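Okay, here's what each chain looks like letter by letter:
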Amino acid sequence: MDRVSAFDEPLKKLLGGATAKVMAEHLDLHTVGDLLHHYPRRYEERGRLTALADLPLDEHVTVVAQVADARVLMFNNGRGKRLEVTLTDGHGRLQLVFFGHGVHKPHKELLPGRRAMFAGKVSVFNRKMQLAHPTYQLLDAESVDEAGATEAVDAFAGRLLPIYPACKQLDSWRIAKAVDTVLPSAQEVVDPLPPSLREGRGFTALPEALLKVHRPQTKADIAEARDRLKWDEAFVLQVALARRRYADTQLPAAARGPRPGGLLDAFDAKLPFTLTDGQLKVSKEIFDDLATEHPMHRLLQGEVGSGKTMVALRAMLRVVDAGGQAAMLAPTEVLAQQHHRSITEMMGELAEGGMLGGSEQGTKVVLLTGSMGVAARRKALLDLVTGEAGIVIGTHALIEDKVRFHDLGLVVVDEQHRFGVEQRDALRSKGQQPPHLLVMTATPIPRTVAMTVFGDLETSVLDQLPAGRSPIASHVVPAKDKPHFLSRAWERVREEVENGHQAYVVCPRIGDDAEDEAAGKKAKKKTPEDDGEKRPPLAVLEIAEQLAKGPLAGLRVEVLHGRMNPDDKDDVMRRFAAGDVDVLVATTVIEVGVNVPNATAMVIMDADRFGVSQLHQLRGRVGRGSAPGLCLLVSEAHEAGPARARLSAVAATLDGFELSRIDLEQRREGDVLGQAQSGVRSSLRMLTVIDDEEVIAAAREEAVAIVAADPELTRLPELRTALDALLDKEREQYLDKG
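A brief structural summary. In every chain, residue numbers begin from 1 and rise along the written sequence. Where local features are concerned, this predicted model is filtered to residues with pLDDT of at least 70; where side-chain atom pairs are given and counted, the filter is 80 or more; whole-chain, interface and lining totals use all residues. Side-chain numbers come from the whole structure's heavy atoms, not from hydrogens or water.

Turning our eyes to something else, we now look at the sheet that holds strand β9 (residues 297-302). Picture the strands of a sheet paired through backbone hydrogen bonds; they go either parallel or antiparallel. One open sheet holds the seven strands; their spatial order is β11-β12-β10-β13-β14-β9-β15, and the pairing between them is parallel. Sheet topology places β11 (364-368) and β15 (458-462) at the edges, where each strand pairs with a single neighbour. This sheet shows a mean twist of 20 degrees between the axes of neighbouring strands, independent of strand direction. Should any heavy atoms of two residues lie within 4.5 Å, those residues are counted as being in contact. To obtain an axis, a line is fitted to C-alpha atoms, over the contacting stretch when the element is a helix, and the angle between two such axes runs from 0 to 180 degrees between their N-to-C directions. For helices the rule is a DSSP run of H or I covering at least 4 residues; for strands it is a run of E covering at least 2, with both sets numbered from the N terminus onward. Against the sheet, helix α12 (residues 277-290) touches β9, β13 (408-414), β14 (436-441) and β15, its axis set at about 160 degrees to β15. Against the sheet, helix α13 (residues 308-321) contacts β9, β10 (325-329), β12 (389-394), β13, β14 and β15, and its axis sits at roughly 170 degrees relative to β13. A pair of strands is considered paired only if DSSP assigns at least 2 bridges between the two.

What follows is the structure in structure tokens.
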């Protein structure tokens, strides 16, 4: 069996349909290769119990511990039974609860002194950590006579017990059994690393590394296997990126050089402020790229409010000066309209080329979105095809077949993670030659992540804020523990409005019929175990009503969310920008690009339901003028849980690069590349981008050298095979997906 057939063998052939189905649906594991790359999360040692005191809230955990005591309690006038079991590890304690018919078996088996593996989701009840209805497997000698337990004891006696990332439907020990079934296939896989590289770096062979990571005899086995598997992930990924970069340098593009006395010079001359050193430096990098005859591929990342739009606009004007057109792709209609408005305002009469009162050097700036009226749309399409419009700003509507350009020279993609590679490529194919590409992201990315996720793009960083930006103070408001803090939050909003400012209130949910219907369908699918779930997230429509009648009565409160009619959305945004609305209660539609300098306060409800970078983005909507900004993160999350730790981290720093590092450290496993994978499962299992900086840098160096010497990898068929496995048809170019 060669590498491909060994790794690509479907799991149902070896494990049976039922187990394979659960693995596919809940763990996204489909082939032998997928399962062999589903590495243990950690290893338990015989004689060493898990630290129960350190269990993470709301996570699915596997613990090995000893029963301290067990008691059956009656409730509901004797009609209901509850079994409470206390576990100990000598330092901490953990409570297990079983209800109803589920009490009988554990009551007989979980006797004081017994030792077992337990798996379940950690929750808090009466301020105590607990596992409700955990599954378990006994591990002590007394249970040897019981069916199926002998193997567990043997494995346990084998000293290092692998604990796998598991799910409610499939425990760690069942996954371990499945791995035992497929491990023999690991011996037949072909090694993707060139022998010279493997020997030069002293790596163990791949079949041996897989055996050692799943069934280590010693800790040294684990370290050796991890070193090898980490390197593979970094190296194969970097080879794929190096090949992409190489292919891009082979493409032709029209050079777009400077034109003295043109549109860009006229624009710079009328700017009422001086560009920052950072903006000038990054603009120079972009202009140098635009002047070459192969397409620019550049990632422009910067802090919220660092002036990325200004840099992108100057690049677009340079291209218009050189006879080309520029297209800016925004993820939402609200944002496309906002960009259109701010760009036409910045350009003034320069944005009215060919119109009465417009500048002779000017060009037309048109907007193209899906909800535009037929006449306006037809006019915009005509301006594009004739070349009358030098700049177009739009949503996905720009990608449709009907859209034709006169000479597309530059594509600017705003908020990279909202666009997949298909959209980016569809827009690029609209040029007679591939246009230059500038990708903007407002979520700062640590260097290593940029190297891994956007490794095919050159990176420019804007890390200083323009003059006139104000500091933003952020605080966590623990609504459950200290309700008076929430009352004070609304008082603060009132104070800001009384001082002539405005505020945002952000909620995770809309709360309309369409959403409730979808939630209802989900609820029907719920199983009895789900009853302990948290309440639904707070909704815009409900909160707006409560605020208008209660703590913010008398203020002008309006709502904004994604399911509103586009004209209504635009109307609300215009009135908010004009100061006719005091408080805007919105979903995350305001997350990027919305610019209202007079808005100084933001209250984020259920802040723990948002990711770190999203909170940072949202917070960037305030403090955009001369008055200081205030951001209040309202949460009912448990004080000791990871959600609160995340919020405290956001409150403690305004440095987006630092926050993205914290975010990655917290999300860790399986989710390292976050949204950058655009729905494709991350190929990184062992590598943590944030810790393995040296591995990534070294792998990149080797990859570049190999691709430069042999772009088609003709002399390295095994490496090609490994690449094809990473980039199969569904995952093709996933590196570029955002």
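We now examine α13. Any helix carries an expected span of 1.5 Å times its number of residues minus one. Spanning 14 residues, α13 covers 20 Å between terminal C-alpha atoms, matching the ideal 20 Å at 1.5 Å per step. Buried residues are those whose accessible area, probed at 1.4 Å on protein chains only, stays under 20% of the maximum for their type, while exposed residues exceed 50% and partly exposed ones sit between those limits. In terms of residue burial, α13 counts as a mostly covered element, since 13 of its 14 residues are buried. One or two steps after α13, the chain reaches Gly323, where phi turns positive at roughly 90 degrees.

At His133, a residue that is not glycine, the phi angle is positive and equals roughly 50 degrees. Along the chain, His133 turns up in the loop between β6 (128-132) and β7 (135-138). Taking the relative accessible area as the measure of exposure, His133 reaches 37% and is therefore partly exposed. One non-glycine residue, Leu713, adopts positive backbone phi at about 55 degrees. Mapped onto the secondary structure, Leu713 falls in the loop between α25 (693-709) and α26 (717-726).

Turning next to the nonpolar core. Among the nonpolar cores identified, the biggest contains 39 residues, and Met316, Met347, Ile391 and Leu410 are the most heavily contacted of them. Per-element tally for this core: the top contributor is α13, with nine residues. Residues in contact with Leu410, not counting those within four places in the same chain, are Leu290, Met296, Ala315, Met316, Val319, Gln325, Ala326, Ala327, Pro435, His436, Leu437 and Leu438. In terms of nonpolar packing, the next biggest core, distinct from the first, is built from 34 residues, Tyr164, Ala176, Ala225 and Leu229 among them. Residues belong to one nonpolar core when they are buried, are Ala, Val, Leu, Ile, Met, Phe, Trp, Tyr or Cys, and are joined through side-chain atoms within 4.5 Å.

Read these as layout, nothing more, since geometry by itself doesn't imply function.
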